[in-house]
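# Structural overview for review
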Amino acid sequence: MKWHSSRGMNRIPLVIVRSVDKIAAYAVDEIIGNQEVVIKTLGTYLGAMNHLSGAKILGSGRVALILDASYLVSH
């Protein structure tokens, strides 16, 4: 994990996710940006993976797995 220093303080980037009655913060390596994507469902390719919503093929050709934020907050 990368640590960013600002005036002698270490900072860890966080993604904050909120559901109806819960809130959670997840430490991440880096926040790249925000974009709207079309998610391809995984179907039965990986079996029961409740924490994943699907996948997206990036412009580079790499596959990015999309986490199901509401599932992660509730478990």
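In the block above lies the structure referred to throughout.
Residues numbered from 1 in each chain as written. Predicted model: local features only at pLDDT ≥ 70, side-chain atom pairs only at ≥ 80, totals over all residues. Heavy atoms only, no water.

### Side note on the overall build of the protein chain
- Within the protein chain one finds 1 helix and 6 strands.
- In the protein chain, the succession of helices and strands from N to C terminus is β-β-β-β-β-β-α.
- Out of the 75 residues in the protein chain, the part that is buried amounts to 12%.
- Of the roughly 6,500 Å² of accessible surface on the protein chain, a fraction of 55% belongs to carbon and sulfur atoms. (Helix = DSSP H or I, 4+ residues; strand = E, 2+ residues; numbered from the N terminus. Buried < 20%, exposed > 50% of the residue type's maximum accessible area, 1.4 Å probe, protein only. Areas by Shrake-Rupley, 256 points an atom, 1.4 Å probe, with all protein chains shown as cover.)

### Remarks on the environment of Leu52
- Looking at where Leu52 falls in the secondary structure, it is placed in strand S5 (residues 52-57).
- With relative accessibility at 12%, the residue Leu52 sits in the buried group.
- Measuring from C-alpha to C-alpha, the distance between Leu52 and Asp68 comes to 5.1 Å, with 16 residues separating the pair along the chain.
- What Leu52 contacts, discounting residues up to four positions off in sequence, is Leu42, Leu46, Leu65, Ile66, Leu67 and Asp68. (Contact = heavy atoms within 4.5 Å.)

Remember that the coordinates give geometry; whether it matters functionally is a separate question.
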